[in-house]
Structures are given as C-alpha cells and as structure tokens.
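Spelled out from the first residue to the last, the chains are:
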Amino acid sequence: MNDYGIMLAAAALLSTGLFIVLLPRGKRYAGPLTAALCALLGLMLARLVFWLSNAPLYLGQLGDVSSLVRVNEGGLSMTGALLGMGLGCFLSSRILRDPSLPFSVLADALAPAAALFIACERCHEWTLLQQNYGLDVSTLHFFSVQGAYSPVLNAGRIASLTALGILIVLLALKGRRRGDKALLFLFLCRYMTERDLKRKYL
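Given the structure is predicted, the values throughout are model-derived calculations rather than measurements.

What counts and what doesn't
- Residues numbered from 1 in each chain as written.
- Predicted model: local features only at pLDDT ≥ 70, side-chain atom pairs only at ≥ 80, totals over all residues.
- Heavy atoms only, no water.
- Helix = DSSP H or I, 4+ residues; strand = E, 2+ residues; numbered from the N terminus.
- Buried < 20%, exposed > 50% of the residue type's maximum accessible area, 1.4 Å probe, protein only.
- Areas by Shrake-Rupley, 256 points an atom, 1.4 Å probe, with all protein chains shown as cover.
- 1 Å grid on protein atoms, 1.4 Å probe; cavity = no way out; pocket = protein on both sides within 12 Å on 5 of 7 lines; lining within 4 Å.
- Points joined across faces, edges and corners; volume = space filled by probe spheres on them.
- Nonpolar A, V, L, I, M, F, W, Y, C, P; charged D, E, K, R; others polar.
- Contact = heavy atoms within 4.5 Å.
- Polar contact = N/O pair within 3.5 Å; in protein donor to acceptor, adjacent residues only side chain to side chain.
- Core = buried A, V, L, I, M, F, W, Y, C linked by side-chain atoms within 4.5 Å.
- Phe/Tyr/Trp six-rings, centres within 6.5 Å; stacked < 30°, edge-to-face > 60°.
- Patch = residues over 30% accessible without salt bridge, like charges linked within 9 Å, V, L, I, M, F, W, Y side chains within 5 Å.
- Salt bridge = Lys/Arg side-chain N within 4 Å of Asp/Glu carboxyl O.
- pLDDT = per-residue confidence, 0-100.
- Expected span 1.5 Å × (residues − 1).

Chemist: Which parts of the structure should I look at to understand the overall build of the protein?
Modeler: Helix and strand counts for the protein come out as 8 helices and 3 strands. N-terminal to C-terminal, the α/β element order of the protein is α-α-α-α-α-β-β-β-α-α-α. Looking at the protein as a whole, 42% of its 202 residues qualify as buried. Accessible surface for the protein amounts to roughly 11,300 Å². Of this, 66% is attributable to carbon and sulfur atoms.

Chemist: Sorry, what's going on with the layout of surface pockets here?
Modeler: Gaps left between atoms are located by rolling a probe of water-molecule size over the structure's atoms. Taken as a whole, the second largest pocket holds about 300 Å³ of empty space. Across the lining of the second largest pocket, the residue classes break down as 6 nonpolar, 2 polar and 6 charged.

Chemist: Explain the environment of arginine 28 to me, please; I cannot follow it from the model alone.
Modeler: Tracing the chain through its elements places arginine 28 in the loop between helix H1 (3-22) and helix H2 (30-53). Of the residues examined, arginine 28 reaches a relative accessible area of 37% and is grouped as partly exposed. Not counting the four nearest positions on each side in its chain, arginine 28 is found in contact with Ile20, Val21 and Leu23. At 3.3 Å, the side chain of arginine 28 and the backbone oxygen of isoleucine 20 are in polar contact.

Chemist: What should I look at first to understand the nonpolar core in this one?
Modeler: As a rule of thumb, soluble globular proteins bury nonpolar side chains together. With 35 residues, the main nonpolar core has Phe19, Leu82 and Phe185 as its most contacted residues. Among the secondary structure elements, those contributing two or more residues to this core are H1, H2, helix H4 (78-96), helix H5 (103-129), helix H6 (155-172) and helix H7 (180-188). Considering every element that reaches this core, the biggest residue donor is H5, with 13 residues. Sequence-distant contacts of phenylalanine 19, defined by excluding residues within four places in its chain, comprise Gly31, Thr34, Ala35, Leu106, Ala109, Leu110 and Ala113.

Chemist: For this particular structure, what's the right way to read the packing of aromatic side chains?
Modeler: Any two aromatic rings considered together are summarised by their centre-to-centre distance and by the angle between their planes. If you walk through the whole model with that rule in mind, you get 1 aromatic pair. An angle of 70° between the planes, with centres 6.2 Å apart, marks the rings of phenylalanine 90 and phenylalanine 103 as edge-to-face. Of this pair, phenylalanine 90 sits in helix H4 while phenylalanine 103 sits in helix H5; the two residues are 13 residues apart in sequence, bridging distant segments of the chain. The class for phenylalanine 90 is partly exposed, based on a relative accessible area of 40%.

Chemist: I would appreciate a short explanation of the environment of serine 15 in the present structure.
Modeler: For serine 15, the position within the fold is in helix H1. Assessed through its relative accessible area of 6%, serine 15 is described here as buried. If we ignore the near neighbours within four places in the chain, the residues touching serine 15 are Ala113, Leu116 and Phe117.

Chemist: Teacher, can you tell me more about the side chain of serine 77 here?
Modeler: Relative to the helices and strands, serine 77 resides in the loop between helix H3 (55-61) and H4. Looking at serine 77, the relative accessible area reads 13%, which means it is buried. Contacts of serine 77, omitting those with residues within four sequence positions, involve Ala46, Val49 and Phe50.

Chemist: For this particular structure, what's the right way to read a nonpolar patch on the surface?
Modeler: Together, Leu33, Leu87, Phe90, Leu91, Ile95 and Phe103 line one region of the surface with nonpolar side chains, adding up to about 490 Å² of accessible area. At 4 residues, the largest contribution of residues to the nonpolar patch is made by H4.

Chemist: How should unusual backbone geometry be read in this particular structure?
Modeler: In this structure, arginine 97 is a non-glycine residue whose phi angle is positive, near 50°. Inspection of the secondary structure assignment puts arginine 97 in the loop between H4 and H5.

Chemist: Help me understand the confidence of the model for the protein in this model?
Modeler: Any region with low pLDDT has predicted coordinates that should not be read closely. Averaged over all residues, the pLDDT of the protein is 76; the fraction at 70 or higher stands at 72%. The spread of mean pLDDT over the elements of the protein runs between strand E2 (residues 144-146), the lowest at 38, and H4, the highest at 91. Residue range residues 131-153 is modelled with pLDDT below 50. Its contacts to residues more than four positions away, or to other chains, number 39 contacts. Segment residues 196-202: pLDDT under 50, and 13 contacts once partners within four positions in sequence are set aside and those in other chains are kept.

Chemist: Any chance you could explain H4 here in plain terms?
Modeler: Count 3.6 residues to each turn of an α-helix, and residues three or four apart come out pointing the same way. Over its 19 residues, H4 extends 27 Å from the first C-alpha to the last, a length consistent with the 27 Å expected when each residue adds 1.5 Å. Capping the start of H4 is the job of one residue whose side-chain oxygen sits 3.3 Å from the backbone nitrogen of threonine 79: serine 77.

The following block contains the structure:
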C-alpha cells in the first residue's frame, strides 16, 4: 500500500470514529455495520465512477478492462465515494430495521464524518501529491504557494479548509429536522472539489 492508500485508511478510521460518536446514544451498535458498508461501497463506486468517466482511455487507447478492479493504481472519484456512502447508509437502515434509526438519522451522522474524510483526503493531495493548478493569485496569499516561476492556486488546500469549515458548521447545528444535515452537506460539498475550484478561478 502506498502513502495515499495509508492516508485514506487512516482518514476512514478517523471518520468512522466520529460517525459512531454522532449516532444517538444506545444506537451506536449500528456504527460498525454502517461504516463497513459505506467504506466498501464508497471504494467500489469511487473507482467505478472514475473508470467510467475515463472509459475512452481505458477501453480505447489502453484496451484494458481489468484496470477497473486495480484500485491500487489510483484513480478514485469523490462523487462516486459519496454515492457509495449514501448507498451504504440506505442498505444499513434496511438491514437493521430499527424504527429509531431511519436512513435520515444515519445520513445526518454520516455527513460530518464524510466532511472530515474529505478534509483529510484533500489535505493529503496538498501536502504529498502536490496537485496544483497554475494561476496568479497574488491577492490570495494564504492560499497560494510560490513556485519556481509563478504563484499557483493550491486547490487541495482550499478544498481541505472548506471541508473543515463545513464540518464545523454541521457539528454546530442542533435541533434540526432529520435529514437536514445531510441535505446541507450535499449542497455545500460541491465547494470542496478541485474541478469546481478550477471552474471558479481558472
């Protein structure tokens, strides 16, 4: 397992702990099952969505269908991961059949945990992978790094800090209707992707 895989595993464990803590008292037994389903389906759909979005490359130039299951080679979609985690919550609620643990309750507990996971993952891209996008951002000193030739917008760092901000907001929300945190997370999570940052700033 490479550094990125180790970071993802650590982020998943940390997020699982937060998810279990956020479940209603007396209902935390649902944590391990839900977390396992979210992790498994999240990984599967993250790879599948990435692979499908690059199907012309894999099926055309490379002609390599087996690359779909070679997750260790890299290439994961955050959108696919979120879809997989949502599906994991839904399946867990159906398996548990606990009236006090509907999908909305599990999703509300998952939303902050997912934000934490994204913050860790994007931070890793900033610190280790250095996936930066060229742009003159002289007015955004905190979010820029000086390269050899020009300043560049560090999209990974902005996404990580945005995810942490969303995490704080979600944890601060009290007394809301079931499902509100999950809906708010889905609305805000579009601000945590590099693609959206590129669209806004490039």
